[in-house]
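# Observations on the model geometry
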Amino acid sequence: MILDACVLIAALSPEDAHHDVAHTLLATAEPLATPPLTMTEVIVGPARTGQLGPVQFLLTGLGIELAPGLDPAALATLRADTGMPLPDCVVLDAARGSGQMLATFDERLARHARALGVTVVP
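The following paragraphs examine the structure supplied in this document. Just so you know, the residues in each chain are numbered from 1, in the order the chain's sequence is written. Only residues with pLDDT of at least 70 are given local features in this predicted model, and only at 80 or more are side-chain atom pairs given and counted; all residues enter the totals for whole chains, interfaces and linings. Note that water and hydrogens are dropped before the side-chain values are worked out from all heavy atoms of the structure.

## A few points about the overall build of the protein chain
As a reminder, the rule being used: Each helix is a run of H or I in the DSSP string that is no shorter than four residues. Each strand is a run of E no shorter than two, and both are numbered from the N terminus. For every residue, the accessible area obtained with a 1.4 Å probe (protein chains only) is divided by the maximum for its type, and the residue is called buried under 20%, exposed over 50%, and partly exposed between those limits. Throughout, a residue-residue contact means that at least one pair of heavy atoms, one from each residue, lies within 4.5 Å. Method for areas: the Shrake-Rupley scheme with a 1.4 Å probe, in which residue coverage is limited to the protein chains shown. Asp and Glu count as negative and Lys and Arg as positive, but His and the ends of the chain are not part of the count. Taken as the charge location is NZ of Lys, CZ of Arg, CG of Asp or CD of Glu.
The secondary structure content of the protein chain amounts to seven helices and five strands. Ordered by position from N to C terminus, the α and β elements of the protein chain give β-α-α-β-α-α-β-α-α-β-α-β. Overall, the protein chain is about 35 × 25 × 25 Å in size when its C-alpha atoms are taken along their principal axes. A burial count over the protein chain gives 43% of its 122 residues as buried. Partitioning the contacts of the protein chain with sequence separation of at least 6, the portion at a separation of at least 24 is 58%. Of the roughly 6500 Å² of accessible surface on the protein chain, 59% is carried by carbon and sulfur atoms. Once the 6 positive and 13 negative side-chain charges of the protein chain are each reduced to a mean point, those two points are 9 Å apart.

Okay, structure coming up:
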């Protein structure tokens, strides 16, 4: 399963409205992966607060892998066709390219993913 930043951030934040659902997704799906840019989005906050090491340790312990390289032309086309922000295009391209489900709480991203034939959870 390809994980969007919002799912990982919710899993790390007990006060997040999606925290429990995110935990369920992480506990019930394998393999778990996210693009490097998406992982960067997730760990910016912890880097600001001096918690980068512990958060990276936690994410590694969950078995989250970095998705393989992305195609710049595919990303540019997704961006041009959908108008979505580039980070959303990155995670969508990773899910589409790998044939894996996409986990996101972002309705706009989910709508575009489904239109392209990507299975979206939750």
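Once the structure has been displayed, the description carries forward.
## Let's talk about the nonpolar core
Counted only if it meets this: We call a set of buried residues a nonpolar core when its members are Ala, Val, Leu, Ile, Met, Phe, Trp, Tyr or Cys and they connect through side-chain atoms within 4.5 Å of each other.
Core analysis: the largest hydrophobic core is formed by 21 residues, its most contacted members being M1, L3 and L59. Of all the secondary-structure elements, those providing two or more residues to this core are α1 (5-12), α2 (19-28), α3 (36-48) and α4 (52-61). For this core, the element with the highest residue contribution is α1, accounting for five residues. Setting aside anything within four residues of it in sequence, one finds M1 in contact with L25, A29, P31, L32, A33, Q100, M101, A103 and V121. In this structure, I2, C89, A94 and L102 belong to the second largest nonpolar core, which totals 18 residues.

## With respect to the packing of α1 against α2
Stated precisely, the cut-off is as follows: Note on geometry: axes are lines fitted to C-alpha atoms, helical ones only across the stretch in contact, with angles between N-to-C directions running from 0 to 180 degrees. Angle categories: roughly parallel below 35 degrees, roughly antiparallel above 145, roughly perpendicular from 65 to 115, and oblique for all the rest.
At their nearest, the axes of α1 and α2 sit 8 Å apart, and the two run at 105 degrees to each other. Considered as vectors, α1 and α2 are oriented roughly perpendicular to each other. Listed contacts from α2 to V7, L8, A10 and A11 of α1 are H19, A22, H23, L25 and L26.

## Quick look at the packing of helix α6 (residues 86-98) against helix α7 (residues 107-115)
Definition in use: Here a crossing is taken to be left-handed if its near helix is turned anticlockwise relative to the far helix by less than a right angle, and right-handed if that turn runs clockwise. Side-chain classes are defined by residue name, with Ala, Val, Leu, Ile, Met, Phe, Trp, Tyr, Cys and Pro counting as nonpolar, Asp, Glu, Lys and Arg as charged, and the others, Gly among them, as polar.
Across the interface, α6 lies against α7 with an axial gap of 11 Å and an inter-helix angle of 40 degrees. Judged on the interaxial angle alone, α7 and α6 are oblique. Classified by chirality, the crossing of α7 by α6 is right-handed. Residue-level contacts link D88, V91 and L92 of α6 to L109, H112 and A113 of α7. When its residues are assigned to classes, the contact of α6 with α7 shows four nonpolar, one polar and one charged.

## Concerning the environment of Q51
Take Q51: it is sitting in the loop between α3 and α4. Measuring from C-alpha to C-alpha, the distance between Q51 and G99 comes to 33 Å, with 48 residues separating the pair along the chain.

## Overview of the pattern of salt bridges
Where charged atoms of side chains with opposite charge meet at close range, the side chains can pair. Keep this limit in mind: When a carboxyl oxygen of Asp or Glu is within 4 Å of a side-chain nitrogen of Lys or Arg, the pair counts as a salt bridge.
Under the counting rule described, the total for this entry stands at one salt bridge. Between D93 and R96 there is a salt bridge, with the nearest N and O atoms lying 3.7 Å from each other. Here R96 and D93 lie together in helix α6, a separation of three residues that amounts to about one turn.

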